[in-house]
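# Results of the structural survey
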Amino acid sequence: MVIGVTMVNVLPGSERIAYNELNRIEGIKDIYHVFGEYDFVVIIEVDDLGTLNSIVDIIREADSVTATQTIVGAELK
């Protein structure tokens, strides 16, 4: 299991549209609308890095998205 956290910036005023676009993407576990440097924090839970990459590419292609930054979780044992 791979967990990615993607911070997303969107066009001003398009938060509701962006939320609806993000909510339709399979593999996204949670979406949080936040205030500050980013507009959304998106939690992605998938089986492998290739799938994570594909989902981030889909997020970046959304019309309302202007920028993303993704962090991949690592397991400590």
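Quick look at the structure, then. (Residues numbered from 1 in each chain as written. Predicted model: local features only at pLDDT ≥ 70, side-chain atom pairs only at ≥ 80, totals over all residues. Heavy atoms only, no water.)

### Focus: the overall build of the protein
In terms of regular secondary structure, the protein is built from 2 helices and 4 strands. The helix and strand sequence of the protein, counted from the amino end, reads β-α-β-β-α-β. In terms of overall size, the protein behaves like a compact globule, its C-alpha atoms giving a radius of gyration of 12 Å where 77 residues would be expected to give roughly 11 Å. For the protein, the C-alpha atoms occupy an extent of roughly 40 × 20 × 15 Å along the three principal directions. Scored against the burial criterion, the 77 residues of the protein give a buried share of 38%. Look at the contacts in the protein between residues 6 or more apart in sequence, and 63% of them connect residues 24 or more apart. Within the structure as shown, the protein displays about 5,100 Å² of accessible surface, and the carbon and sulfur contribution to it stands at 51%. (Helix = DSSP H or I, 4+ residues; strand = E, 2+ residues; numbered from the N terminus. Rg over C-alpha atoms; globule rule 2.2 N^0.38 Å. Buried < 20%, exposed > 50% of the residue type's maximum accessible area, 1.4 Å probe, protein only. Contact = heavy atoms within 4.5 Å. Areas by Shrake-Rupley, 256 points an atom, 1.4 Å probe, with all protein chains shown as cover.)

### Here we look at the pairing of strand β1 (residues 2–10)
Within β1, 7 of the 9 residues are buried, which leaves it mostly tucked inside the rest of the structure. As defined by bridge partners, β1 adjoins strand β3 (residues 40–46) across 7 bridges and the pair is classed as antiparallel. Considered in β3, the bridge of Val2 is made with Val46. Relative to strand β4 (residues 65–72), β1 is paired through 7 bridges, and the arrangement is antiparallel. Residue pairing across strands places Thr6 opposite Thr70, the latter belonging to β4. (Pairing = 2+ DSSP bridges.)

### Considering the side chain of Ser64
Within the secondary structure layout, Ser64 lies in the loop between α2 (49–61) and β4. Residue classification places Ser64 among the buried residues on the basis of a relative accessible area of 4%. Apart from the residues within four sequence positions on either side, Ser64 is in contact with Asn9, Val10, Leu11, Ser14, Ala18 and Glu21.

### Concerning α2
With 13 residues, α2 should cover 18 Å at 1.5 Å per step; its first-to-last C-alpha distance of 18 Å lies within 8% of that length. Within the sequence span of α2, burial applies to Leu52, Ile55, Val56 and Ile59. Angular distribution of buried residues about the axis of α2 spans 100 degrees; they occupy a single face of the element. Against β1, α1 (15–23), β2 (28–33), β3 and β4 lie the buried residues of α2. Measuring from the backbone nitrogen of Gly50 back to the side-chain oxygen at the start of α2 gives 3.1 Å, which picks out Asp48 as the cap. (Expected span 1.5 Å × (residues − 1). Arc of directions from axis to C-beta. Polar contact = N/O pair within 3.5 Å; in protein donor to acceptor, adjacent residues only side chain to side chain.)

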